[in-house]
Amino acid sequence: MVTNIAGVMADLEPEDFYLLSGVEQGMRFSEWVRRDKLPEYADLTPEEVDYRIDRCMDEELIERRTMQYVGYQLTFEGYDALALRTFAERETLQGIGAPLGVGKESDVYEVRSFKPLALKFHREGYTNFREVMKEREYTADRQHVSWLYTARKAAEREHEALETLYPDVSVPRPVDQNRHAIVMDKFDGVELARAKLESEQALGVCDLVIRELETAHGEGWIHADMSEHNVAVAEGGITIFDWPQAVRRDHENAREFLERDLRNLTRYFVRKYPREMPDSVDVAGLADAVAEGTFETVREFDDL
């Protein structure tokens, strides 16, 4: 857990980070880094490497496997430590607070800084590597893909999308990004799936989300993982979050992703608020309107 890493950060020495960085560099080429390569990668003597391995193993920042050779790999805690050190050096954050959300593909924590911020660690590829390899376009042309790579690319993709979309689209304001981690504004609201909307509010919220997706499309991005779990509803409006699977508007499957986003969203509203919503939504027509920037209300796309 990152909260544990925050507690040991003060005890880590610069040479410990040299070793962690050396293992990170070696994992670009193989899943497990050979012990005899670490002095070169970490710029440490063999004796210093031995000492630092023991320290980092004790803190569970690296793990070891004996195969045809003895190999080492960063744990996510070790990767967290490298990102946290960079953020601290940049003075992006001063401390880690309580968890805001822990899931299969990311962990989010409150952080202490000049204002309330959130720190998101991407976990893609660590426990669901095959699924991520199949779904993420940035893994397609690589011969060796580690979970470090998939998690880092997910963070880079999400940060790029947020930087483009904010503030024209209601997304969290990005503050900083390093490796698999993003620092962003902490936003208010409750997940749409858990929100208790009044029936008369449902149509308005649905239209509001679609208008945000329309603006995002106009800015060149499609969410590509839209659902009731990626929208926060607050008194002041909505926030659309979780953009690591976002694709650009010129992607070869952009239309397919746009229709899937709209289908997932409207199905949720039709299922939960049937009196307020059309019985069935013409998703293709709705996607045309979003792409053309002419959307007004989902009620115009009743498919019956």
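Residues numbered from 1 in each chain as written. Predicted model: local features only at pLDDT ≥ 70, side-chain atom pairs only at ≥ 80, totals over all residues. Heavy atoms only, no water.

1. Quick notes on the environment of Asn-264
Next up, step 1: One can find Asn-264 in helix α9 (residues 254-272).
Next up, step 2: On the accessibility criterion, Asn-264 (30% relative accessible area) is partly exposed.
Next up, step 3: Sequence separation between Asn-264 and Val-283 is 19 residues, and the spatial gap between their C-alpha atoms is 9.9 Å. (Helix = DSSP H or I, 4+ residues; strand = E, 2+ residues; numbered from the N terminus. Buried < 20%, exposed > 50% of the residue type's maximum accessible area, 1.4 Å probe, protein only.)

2. So, the pairing of strand β4 (residues 95-102)
Next up, step 1: Relative to strand β5 (residues 106-112), β4 runs antiparallel, the two being bridged by 5 bridges. Counted as the bridge partner of Pro-99 is Tyr-109 from β5.
Next up, step 2: Linking β4 back to β5 in an antiparallel pair, the connection comprises 3 residues. (Pairing = 2+ DSSP bridges.)

3. Quick look at the pattern of salt bridges
Next up, step 1: Evaluated as defined, the whole model comprises 25 salt bridges.
Next up, step 2: Between Arg-35 and Asp-50 there is a salt bridge whose closest N-O contact spans 2.4 Å. With Arg-35 in the loop between β1 (33-34) and α3 (38-42) and Asp-50 in helix α4 (residues 46-58), the pair connects residues that are 15 residues apart, well separated along the chain.
Next up, step 3: Overlapping salt bridges, with partners in common, bring together Glu-13, Glu-15, Asp-16, Glu-48, Arg-52 and Arg-55 in one network. (Salt bridge = Lys/Arg side-chain N within 4 Å of Asp/Glu carboxyl O.)

4. A look at the sheet that holds β1
Next up, step 1: One open sheet holds the 3 strands; their spatial order is β1-β3-β2, and the pairing between them is antiparallel. Of all strands in the sheet, those with a lone pairing partner are β1 and β2 (62-66), marking the two edges.
Next up, step 2: Here β2 pairs with strand β3 (residues 70-74) via 5 bridges, running antiparallel. Looking across to β3, one finds that Ile-62 is bridged to Leu-74.
Next up, step 3: The sheet strands contacting helix α2 (residues 14-26) are β1, β2 and β3, and the helix crosses β3 at an angle near 105°. (Contact = heavy atoms within 4.5 Å. Axes fitted to C-alpha atoms, helices over the stretch in contact; angles between N-to-C directions.)

5. What about the sheet that holds strand β7 (residues 174-178)?
Next up, step 1: Spatial ordering of the open sheet is given by β4-β5-β6-β8-β7, a layout of 5 strands whose pairing is antiparallel. The open sheet is flanked by β4 and β7, the only strands paired with a single partner. The sheet shows a mean angle of 25° between the axes of neighbouring strands, taken without regard to direction.
Next up, step 2: Examined bridge by bridge, β7 and strand β8 (residues 181-185) share 4 bridges and lie antiparallel to one another. Bridged to Asn-178 within β8 is Ala-181.
Next up, step 3: Along the sheet face, helix α7 (residues 147-165) touches β6 (117-122), β7 and β8 and points at about 155° away from the line of β7.

6. Section: the environment of Ile-53
Next up, step 1: Tracing the backbone shows Ile-53 in helix α4.
Next up, step 2: Taking relative accessible area as the criterion, Ile-53 reaches 3% and is therefore assigned buried.
Next up, step 3: With 10 residues separating them along the chain, Ile-53 and Glu-63 place their C-alpha atoms 9.3 Å apart.
Next up, step 4: Ile-53 has contacts with Leu-19, Arg-35, Leu-38, Ile-62 and Tyr-72, leaving out every residue within four places of it along the chain.

7. A look at α2
Next up, step 1: Spanning 13 residues, α2 covers 19 Å between terminal C-alpha atoms, matching the ideal 18 Å at 1.5 Å per step.
Next up, step 2: Taken as a whole, α2 has its buried residues at Asp-16, Phe-17, Leu-19, Leu-20, Gly-22, Val-23, Glu-24 and Gly-26. (Expected span 1.5 Å × (residues − 1).)

8. Observations concerning the packing of aromatic side chains
Next up, step 1: Using the criterion set out here, one finds 7 aromatic pairs in the structure.
Next up, step 2: On the basis of an interplanar angle of 80° and a centroid distance of 6.0 Å, the ring pair of Tyr-79 and Trp-147 is categorised as edge-to-face. Separated by 68 residues along the polypeptide, Tyr-79 in helix α5 (residues 76-89) and Trp-147 in helix α7 bring together distant segments of the chain.
Next up, step 3: Owing to a relative accessible area of 7%, Trp-147 belongs among the buried residues under this scheme. (Phe/Tyr/Trp six-rings, centres within 6.5 Å; stacked < 30°, edge-to-face > 60°.)

9. Describing unusual backbone geometry
Next up, step 1: Tyr-166 connects to Pro-167 through a cis peptide bond whose omega is 5°.
Next up, step 2: Inspection of the secondary structure assignment puts Pro-167 in the loop between α7 and β7.
Next up, step 3: With a phi angle near 60°, Glu-91 is a residue other than glycine that sits in the positive phi range.
Next up, step 4: Here Glu-91 shows up in the loop between α5 and β4.
Next up, step 5: Here Glu-91 falls in the exposed class, since its relative accessible area comes to 63%.

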